[in-house]
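# Observations on the three-dimensional arrangement
For reference, the chains in residue letters:
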Amino acid sequence: MKFGAKEKDTYRLCMTIGVMLVISRVIMWLVYLLWSHISGDQGSFAHAFFRWDAGWYKSIIESGYSDFNGIKLEGQNGAANWAFFPLMPAYMVFLRKVLPSMGLEILGFLANTAIFGIALFAGSRYILLTRPQNGGKAAFFWLFIMCFGPYSFYYSSLYTESIYLLCLCLCFYFLEQEQYIKLGVCGIFLSASRNTGVLFVFAILTHSLHRFFKDRMGELNPKLLWEYVKKTLNDHKLILGTCMCPLGLFLYMLHLYFLVGDPMAFAHVQRAWGRKITNPVEVVLRTLDTASKGTIKQEAYFLLCIIIGVCFLGWLLVQKHYAEFIMGCIFLVVPLSTGIASIPRYMVGGFVFYLALADGLSGQKRYLKGCLLAVLGVIELWLTYGWFSAWGFLT
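Residues numbered from 1 in each chain as written. Predicted model: local features only at pLDDT ≥ 70, side-chain atom pairs only at ≥ 80, totals over all residues. Heavy atoms only, no water.

Remark: helix H1 (residues 10–39) packs on helix H6 (residues 135–148), axes separated minimally by 9 Å, with the N-to-C direction vectors making an angle of 25 degrees. By the criterion of interaxial angle, the relationship of H1 to H6 is roughly parallel. Crossing angle aside, the handedness with which H1 passes H6 is right-handed. Each of Leu 13, Thr 16, Ile 17, Met 20, Leu 21, Ile 23, Ser 24, Arg 25 and Ile 27 in H1 lies in contact with H6, whose residues at this interface are Phe 140, Leu 143, Phe 144, Cys 147 and Phe 148. Tallied by class, residues from the contact of H1 with H6 come to 11 nonpolar, two polar and one charged. (Axes fitted to C-alpha atoms, helices over the stretch in contact; angles between N-to-C directions. Helix = DSSP H or I, 4+ residues; strand = E, 2+ residues; numbered from the N terminus. Parallel < 35°, antiparallel > 145°, perpendicular 65-115°, else oblique. Left-handed = near helix turned anticlockwise from the far one by under 90°. Contact = heavy atoms within 4.5 Å. Nonpolar A, V, L, I, M, F, W, Y, C, P; charged D, E, K, R; others polar.)

On to helix H12 (residues 247–260). The periodicity of an α-helix, 3.6 residues per turn, causes residues three or four positions apart to be oriented the same way. Its 14 residues place the ends of H12 20 Å apart at the C-alpha level, agreeing with the 20 Å of an ideal helix rising 1.5 Å per residue. Gly 248, Leu 249, Tyr 252, Met 253, Leu 256 and Val 260 are the residues of H12 that are buried. End-on view of H12: buried residues confined to an arc of 135 degrees, all on one side of the axis. Opposite the packed face of H12, turned more than 90 degrees from it, sit the exposed residues Leu 251 and Phe 258. Summarising the contacts, the buried residues of H12 are in contact with helix H8 (180–191) and helix H13 (265–268). In the stretch just after H12, Gly 261 is the one whose phi turns positive, near 85 degrees. (Expected span 1.5 Å × (residues − 1). Buried < 20%, exposed > 50% of the residue type's maximum accessible area, 1.4 Å probe, protein only. Arc of directions from axis to C-beta.)

So, on to the side chain of Glu 161. Summarising the element assignment, Glu 161 is placed in helix H7 (residues 161–177). For Glu 161, the side chain forms a polar contact with the side chain of Arg 345, separated by 2.7 Å. Apart from residues lying up to four places away in sequence, Glu 161 is in contact with Tyr 154, Tyr 155, Arg 194 and Arg 345. (Polar contact = N/O pair within 3.5 Å; in protein donor to acceptor, adjacent residues only side chain to side chain.)

In this section: the layout of surface pockets. Its boundaries defined by the atoms lining it, the largest pocket holds a volume of some 1200 Å³. Taken together, the elements giving at least two residues each to the lining of the largest pocket come down to helix H3 (54–63), H12, H13, helix H14 (280–292), helix H16 (322–336) and helix H17 (343–348). Partitioning the lining of the largest pocket into residue classes produces 20 nonpolar, 15 polar and seven charged. Looking at the second largest pocket, its volume works out to about 420 Å³. Lining the second largest pocket are 18 residues, and of these Pro 150, Cys 305, Ile 308, Tyr 354 and Leu 376 sit closest to its centre. Elements with a contribution of two residues or more to the lining of the second largest pocket: helix H15 (297–318), H17, helix H18 (352–361) and helix H19 (366–388). Looking at the lining of the second largest pocket residue by residue, the class counts come to 18 nonpolar, no polar and no charged. (1 Å grid on protein atoms, 1.4 Å probe; cavity = no way out; pocket = protein on both sides within 12 Å on 5 of 7 lines; lining within 4 Å. Points joined across faces, edges and corners; volume = space filled by probe spheres on them.)

This brings us to the environment of Ile 106. Relative to the helices and strands, Ile 106 resides in helix H5 (residues 104–130). On the basis of relative accessible area, Ile 106 is assigned to the partly exposed category, the value being 35%.

Attention now goes to unusual backbone geometry. Leaving glycine aside, a negative phi is the common case for residues, and trans is the common case for peptide bonds. The residue Lys 320 is not glycine, and still its phi comes out positive at about 65 degrees. Checked against the element boundaries, Lys 320 lands in the loop between H15 and H16. With a relative accessible area of 53%, Lys 320 lands in the exposed category. Its identity as a non-glycine residue notwithstanding, Ala 390 has a phi of 60 degrees, on the positive side. Assignment of secondary structure puts Ala 390 in the segment after H19. Under the relative-accessibility criterion, Ala 390 is labelled partly exposed at 33%.

Over its 15 residues, H16 runs 21 Å from end to end, which matches the ideal 21 Å to within 8%, given 1.5 Å per residue. Along H16, the residues that are buried comprise Ala 323, Glu 324, Phe 325, Met 327, Gly 328, Ile 330, Phe 331, Leu 332, Pro 335 and Leu 336.

Scored by pLDDT, the chain comes out at a mean of 88, with 92% of its residues at no less than 70. Across residues 70–75 the pLDDT falls below 50, and counting only partners more than four positions away or on other chains, this stretch makes eight contacts in the model. (pLDDT = per-residue confidence, 0-100.)

Another aspect to go through is the environment of Ala 79. Mapped onto the elements, Ala 79 comes out in the loop between H3 and helix H4 (87–98). Its relative accessible area of 0% is what places Ala 79 among the buried residues. Sequence separation between Ala 79 and Phe 144 is 65 residues, and the spatial gap between their C-alpha atoms is 38 Å.

A few words on the packing of aromatic side chains. One pass over the structure, following the stated rule, counts 43 aromatic pairs. Look at Tyr 164 and Phe 331: their rings are 6.4 Å apart centre to centre, the planes differ by 75 degrees, and that puts the pair in the edge-to-face class. Here Phe 331 lies in helix H16 and Tyr 164 lies in helix H7, a separation of 167 residues in the sequence. Take Tyr 164: its relative accessible area is 0%, and that puts it in the buried class. Note on Tyr 257 and Phe 258: the rings are 5.5 Å apart at their centroids and 70 degrees apart in plane angle, and the pair reads as edge-to-face. For Phe 258, a relative accessible area of 64% translates into the label exposed. (Phe/Tyr/Trp six-rings, centres within 6.5 Å; stacked < 30°, edge-to-face > 60°.)

This part takes up empty space enclosed by the protein. Taken as a whole, this structure holds one cavity of 30 Å³ or more when the rule is applied. The volume enclosed by the largest cavity comes to roughly 50 Å³. Taken together, Ala 46, Phe 49, Phe 50, Leu 104, Glu 105, Gly 108, Phe 109, Ser 156, Ser 157 and Leu 158 make up the full set of residues lining the largest cavity. Broken down by element, the lining of the largest cavity gets its largest block of residues, four residues, from H5.

Let's shift gears to the pattern of salt bridges. Under the defined criterion, the tally for this structure stands at eight salt bridges. A salt bridge links Glu 324 to Arg 131; the nearest nitrogen and oxygen atoms lie 2.9 Å apart. In this pair, Glu 324 is assigned in helix H16 and Arg 131 in the loop between H5 and H6, connecting sequence segments 193 residues apart. A relative accessible area of 1% means that Glu 324 is categorised as buried. When its relative accessible area of 4% is taken as the criterion, Arg 131 is described as buried. Salt bridges sharing common partners tie together Asp 53, Glu 161, Arg 194 and Arg 345. (Salt bridge = Lys/Arg side-chain N within 4 Å of Asp/Glu carboxyl O.)

Structure (structure tokens):
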């Protein structure tokens, strides 16, 4: 199946998203039944998604951000919920006022799954817009990978992945359309949902440079560069939209300043988890050394994710999707600066990596595509079981 870019295909796209979303979550429910039978767990299906950082988000939703005497989860000395960005909790607080009788776990599952569905639509429209030759096939494979591929369970958990993906897809879409004010509005929400959101300004810069110079590479000279600067500064909507993007982060920093006196508390509190800003290259070399000794098998898994991610970035670069390439680099470098364990989560939530995979698949032979998609589906089943079992490397 493939989609066209015309409006008449919107209904078919929505139906495809709905069917994939329902089937994928039914499969997760079957995995839950197997897990609960083996583990003897008596909790609900929604509760099985309530793992790890969901406890921190719950504390924000129910009690707001902590002051120095506020909420702390056991076993993490000095930790506080400042590390978790406010957009998803604010969204859940609003929904709880609308649906006060619904429990947080089931509300979080349903709400984030719904947001995920909207993000799938926005991402598909972007793919159709930017891939005129094979966009229909690429969109279909991207949808399949997002719904049935590794780590899809994140998008139904009480995590920020779904709403971040939606904002990111919309930012890319409006950037390609050069609707910079709409981009700026989405950018505000993007930077309020995760630390990497504020860095979308580099994608805007890359897109602007590419649009101006793509047909003038043989004419590079100081005069042309000055022409680009003047043209950019005279594009008031572009300047305004770009300046709007960091506002979500700045508002959160302002809140932290009045709450605890430290606008950078979201970064400084990372020390409570043993994380500190360091050179990403040093992190990779240290991890290579650990993995080579066979002491921690998880390290080899994270390194494999990095290698795969670099390959996807290479594809985006070769295909001249420069803004996507730049954001992909950010999604690798930022988590690597504090450790390696968050790499898969940043890659999966970063849109561009699975987009690169879908791009590559769209031009392959049918049997190869079928085999690879089947392997990805099996990996997702295994990871979903691990999520319900609270395996440590899936935080």
